[in-house]
Amino acid sequence: MKFSELVEKLNSEIAGQSLTQNPALNPDIYGVAAVDAAPSGTLSYIEGLKFASFVQCSDASALILPLDESLQIQATEQGKAWISVANPRLVFAEAIALFYRPYQPQPQIHPTAVIDRSAQIGSEVYIGPHVVIQAGVTIGNRVCLHPNVVIYPEVKIGDRSILHANCTIHERTQIGCDCVIHSGAVIGSEGFGFVPTASGWVKMEQSGITVLEDSVEVGCNSTIDRPSVGETRIGKATKLDNLVHIGHGCTVGQNCAFAGHVGLAGGVTVGNGVLLAGQVGIANQVKVGDRAIVTAQSGVHSDIQPGDIVSGSPALANRLYLKTCAVYKRLPELYQSLKALERRFKDS
Amino acid sequence: MKFSELVEKLNSEIAGQSLTQNPALNPDIYGVAAVDAAPSGTLSYIEGLKFASFVQCSDASALILPLDESLQIQATEQGKAWISVANPRLVFAEAIALFYRPYQPQPQIHPTAVIDRSAQIGSEVYIGPHVVIQAGVTIGNRVCLHPNVVIYPEVKIGDRSILHANCTIHERTQIGCDCVIHSGAVIGSEGFGFVPTASGWVKMEQSGITVLEDSVEVGCNSTIDRPSVGETRIGKATKLDNLVHIGHGCTVGQNCAFAGHVGLAGGVTVGNGVLLAGQVGIANQVKVGDRAIVTAQSGVHSDIQPGDIVSGSPALANRLYLKTCAVYKRLPELYQSLKALERRFKDS
Amino acid sequence: MKFSELVEKLNSEIAGQSLTQNPALNPDIYGVAAVDAAPSGTLSYIEGLKFASFVQCSDASALILPLDESLQIQATEQGKAWISVANPRLVFAEAIALFYRPYQPQPQIHPTAVIDRSAQIGSEVYIGPHVVIQAGVTIGNRVCLHPNVVIYPEVKIGDRSILHANCTIHERTQIGCDCVIHSGAVIGSEGFGFVPTASGWVKMEQSGITVLEDSVEVGCNSTIDRPSVGETRIGKATKLDNLVHIGHGCTVGQNCAFAGHVGLAGGVTVGNGVLLAGQVGIANQVKVGDRAIVTAQSGVHSDIQPGDIVSGSPALANRLYLKTCAVYKRLPELYQSLKALERRFKDS
């Protein structure tokens, strides 16, 4: 595909994005690649000025640049075709989609799938080998259940949702439309509810349900428990990475993203647009406000206000945390200074 | 069900618990709910004074209260039926069980299960679709193996244990009676045993076994490895949450509870009644005494005495930790104070 | 087996290792055991001087000792047969292998496996019950696919690799020879790639692949994602423990070992021979040099030079970290000292 054709296809999909391009060069582009590994004939992108040096050394034949004139000049000097846009990563995502056809099995109900006769199955579904669907389940249209998925009774799965291999959906879970549940994830399992008594743990039945709203993604081997009463809820378009644990009775808002190994204890409330970086933990009953950001490995024990950025374990305001970290590194030196002062005082 | 009938049923099961009630009100109760989401017609509970304000604003028709006279007066003023008990959460757990019938499949051996002819299967078992049981396995009475469970050779599973979908039990593992293994968990897998040599890692065969005593629960996608020699053992009635990792050769006592993402390295010894909060890590060969508590995200590198509470990474006595955290927040200020003192000294 | 025969078999396999032995004693040895739980008739080992006291109290009939004369004398006094070698743990690993025959199913393709007709299957393979192999997959000779493994299209698996139960290999993944993928692991799944826009997350297609070189091991329920473009690569003989997460586009060198719950964000580059202890997290795009060591629970946000040892979150040079930890414990005391100084100054 000529670069100009490619740009035209992109352009049609980036309405409103300002876009300039270098008309002098129009190479053939056969694929997309990361800028540090791009062979000749590929299109790549420069996310920001941090990666600017790659304009010089990449073998890519074409680049998606940020809106930066000096990068445009460099690219032209290097004989590279380019376009320059406000959000290069977004446009690169579109470029990938032009070259890549994701694996999508054809509609089929495999004869080895075991489907309870009371289940309601939509049209044009794929139900792979060895899938198990128990009583009272409702599966929407164009749903894709990859091999060895197990669906417990009375689950509802909305249109076009994709459940990858070996994942398990527990009784009464409600999954919206356009969700993606990655391999090995477990949704709607029993919350960790035990009451301590003199004679040991007494199990609290987990009679609640788990609800995933539309367009939620749940990463591989992540787990989302249901509560004793009420529901655990993940809001629309929220994305969870791999090995995330969401405890019973949590409420997570819309458009959040939680990175790998994040853990939410019971009854946590998370607003909309919240970002939790890798290995963050949030304690029981804590409330996290809209658009808050929690940086990697932080431990949150008290409520976070909307828009706040917090860091550390226990978590502090990020600005304070950066200062405490800077001093922390110098603690041995601080200690020596203090002891020196004390000695001088003793002498005085 | 009338509130009075409900209380009678509860009462029969809380022998010895002191219990008072408000006889004036006797509403119909159709279900149970969390206090902050309870509609009229439901029973809820107030765990402690922290939640006291919900007595005023909850729509629940009846409440399980702690032994607190002022809450009783408030509840009566709000027109709510109530009982007042020593452990409201425990009584609420019983109330849930009155209204909730957990999903329990009928005894059946599904024709798609693949069971080695040498396996011994107890009576009244449920063996779901696509379960695989290898040679020499012994399955007790009334065991429930949900779909796609895989049992490697020579495993023993005690009476009434429940194994949820997609979990894997490795060779020679012994699981006691009344255990619950949640979906995706892996028990008795090879320990991470490699010996470093000049020519790379040499694998140490993991010839030991994993033993779960009676009434153990293992959370979704948790993993418990077997050791090179000897055994990994989880004591009676110990409960593990989701995504917990127990390394090879660990010995965990009875009645412990480990929260999500807890990791035990190799050869750790944990006493009875130990609580490990979320994302705690315990290093190789460490011993944790009975009834110790390790707070969230702590990293334990040295032995913990019975009853101790430790926090932080590396873990300190909790009382010290609370003080160090308080100072840690003020490190930038401390640094300024120290520098100010030094300047004044220089002048003097 | 007589101890002398046993030693002969070991010796044949430890070419070049200096080895002395006690010829006076030649007990019958029927098995191997951990030194603190070894009954009479077993062989055990003393890894180093830390475990020296076990020479006195173990019931083992024979011991593998380090090259330490005083331990040899003690063992002789206790009436124990022994050999003394440079690397007792390595020799013990060989001794285990003499007594232990790991479970290895016979070659067979189980009739319940669902194998696409376009898949190429090598000779002497084991393909267990309910395995699913999609279109265009290539399986080498003597590969072992345990029950319920799911292989997406166009995957390649090299000779003698073992995939344990319930694991999932995603489209186009390449697995080398002699790899071991433990139960529930997920390889080649979609990276966590979403571009934030004003109208929410836009999914970036993950068109890349995941490559495991020869002799890689991946622990139970660990996950390795594929990137948007290019590849995620795990180098030869690298070993990953359970519940590890490797983000999209990471490159991990050879002979590394990552302990449980380690998480690598996207695009991390790790050299050869790197050790990451439990619950370590590495941030996006960070580079970790050859033979670096990161201690447990550390959080790495900037590049690590070859051979460096780092600790803490955020990670510091280990030598500095040990000092900061020592002062950290004394922060309350430091604070008091500083305040006392300030008070005295105010008076002066």
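Just so you know, these numbers come straight off a predicted model, no measurement behind them. Counting of residues starts from 1 at the beginning of each chain's written sequence and follows it residue by residue. The lettering of chains begins at A and the numbering of ligands begins at 1, in the order of writing. Per-residue local features of the predicted model are confined to residues with pLDDT of at least 70, and side-chain atom pairs are confined, for both listing and counting, to 80 or more; whole-chain, interface and lining totals are unaffected and use all residues. In computing side-chain properties, one takes all heavy atoms of the structure into account and sets aside hydrogens as well as water.

Helix and strand assignments come from DSSP, with helices taken as H or I runs of at least 4 residues and strands as E runs of at least 2, each series counted from the N terminus. From N to C terminus, chain A includes 6 helices and 38 strands. To get the radius of gyration, use the C-alpha atoms; to get the globule rule, take the number of residues to the power 0.38 and multiply by 2.2 Å. Taking 20 Å as the expected radius of gyration for a compact globule of 348 residues, we find that chain A reaches 26 Å, considerably beyond that expectation. Each principal axis of the C-alpha atoms in chain A carries an extent, and together these give about 85 × 75 × 30 Å. Here chain A holds 348 residues, and 58% of them are scored as buried. By definition in these notes, contact holds between two residues if any of their heavy atoms fall within 4.5 Å. Put simply, 20% of the contacts in chain A that link residues at least 6 apart link residues at least 24 apart. Approximately 13300 Å² of chain A is accessible, and the part contributed by carbon and sulfur atoms is 50%. The averaged location of the 31 negative side-chain charges in chain A is 7 Å from the averaged location of its 26 positive side-chain charges. For every residue, the accessible area obtained with a 1.4 Å probe (protein chains only) is divided by the maximum for its type, and the residue is called buried under 20%, exposed over 50%, and partly exposed between those limits. Per-residue and other accessible areas follow the Shrake-Rupley method at a 1.4 Å probe size, with only the shown protein chains counted as cover for residues. Two residue types count as positive, namely Lys and Arg, and two as negative, namely Asp and Glu; His and chain ends fall outside the count. By convention, the charge on Lys lies at NZ, on Arg at CZ, on Asp at CG and on Glu at CD.

What follows is about the interface of chain C and chain A. Chain C puts 71 residues into the contact, and the matching count from chain A is 57 residues. The contact between chain C and chain A buries some 5100 Å² in all, and 66% of this surface belongs to carbon and sulfur atoms. A pairing counts as a salt bridge when a side-chain nitrogen of Lys or Arg comes within 4 Å of a carboxyl oxygen of Asp or Glu. Connecting chain C to chain A are 1 salt bridge. For A:Glu217, the salt bridge goes to C:Lys203, with nearest N and O atoms at 2.7 Å. Here a polar contact is recorded for every N or O atom pair within 3.5 Å, except that within protein the pair must consist of a potential hydrogen donor and a potential acceptor, and residues adjacent in sequence are included only if both atoms are side-chain atoms. The tally of links from chain C across to chain A stands at 30 residue pairs in polar contact (both at pLDDT 80 or more). Of all the secondary-structure elements, those providing two or more residues to the side of chain C that touches chain A are β19 (186-190), β20 (194-197), β21 (200-203), β24 (223-226), α5 (318-328) and α6 (331-347) of chain C. Two parts placed together each lose some accessible area; with a 1.4 Å probe, that loss summed over both constitutes the buried area.

UniProt positions are given in the numbering used here, feature names are shortened, and annotations may be inferred rather than shown by experiment. When the UniProt feature table is mapped onto this chain, "domain: Mannose-1-phosphate guanyltransferase C-terminal" (unreviewed entry) is found at residues 110-190 of chain A. Summarising residues 110-190 of chain A: 0% helix, 36% strand, and an end-to-end C-alpha distance of 30 Å.

A few words on the packing of aromatic side chains. Side-chain rings of Phe, Tyr and Trp (the six-membered ring for Trp) are treated as a pair once their centres are within 6.5 Å; stacked means planes under 30 degrees apart, edge-to-face means over 60, and tilted covers the remaining angles. Counting across every chain of the model gives 15 aromatic pairs over all chains. On the basis of an interplanar angle of 20° and a centroid distance of 4.4 Å, the ring pair of B:Tyr45 and B:Phe92 is categorised as stacked. Within this pair, whereas B:Tyr45 is found in strand β3 (residues 42-45), its partner B:Phe92 is found in helix α4 (residues 88-99), the two being separated by 47 residues in sequence. Owing to a relative accessible area of 15%, B:Tyr45 belongs among the buried residues under this scheme. Here the aromatic cluster, defined as three or more aromatic residues joined through ring pairs, consists of A:Tyr328, B:Tyr328 and C:Tyr328.

Now for the sheet that holds strand β35 (residues 293-294) of chain B. Residues and elements named next belong to chain B. Here we have 12 strands laid out as an open sheet, ordered β6-β9-β12-β15-β18-β23-β26-β29-β32-β35-β37-β38, and mixed in their pairing. The strands lining the two open edges of the sheet, one partner per strand, are β6 (108-109) and β38 (316-317). Should DSSP find at least two bridges between two strands, the strands are regarded as paired. When strand β12 (residues 144-145) meets strand β15 (residues 162-163), the two strands line up parallel, connected through 2 bridges. Pairing of Cys 144 across the sheet is with Ile 162, part of β15.

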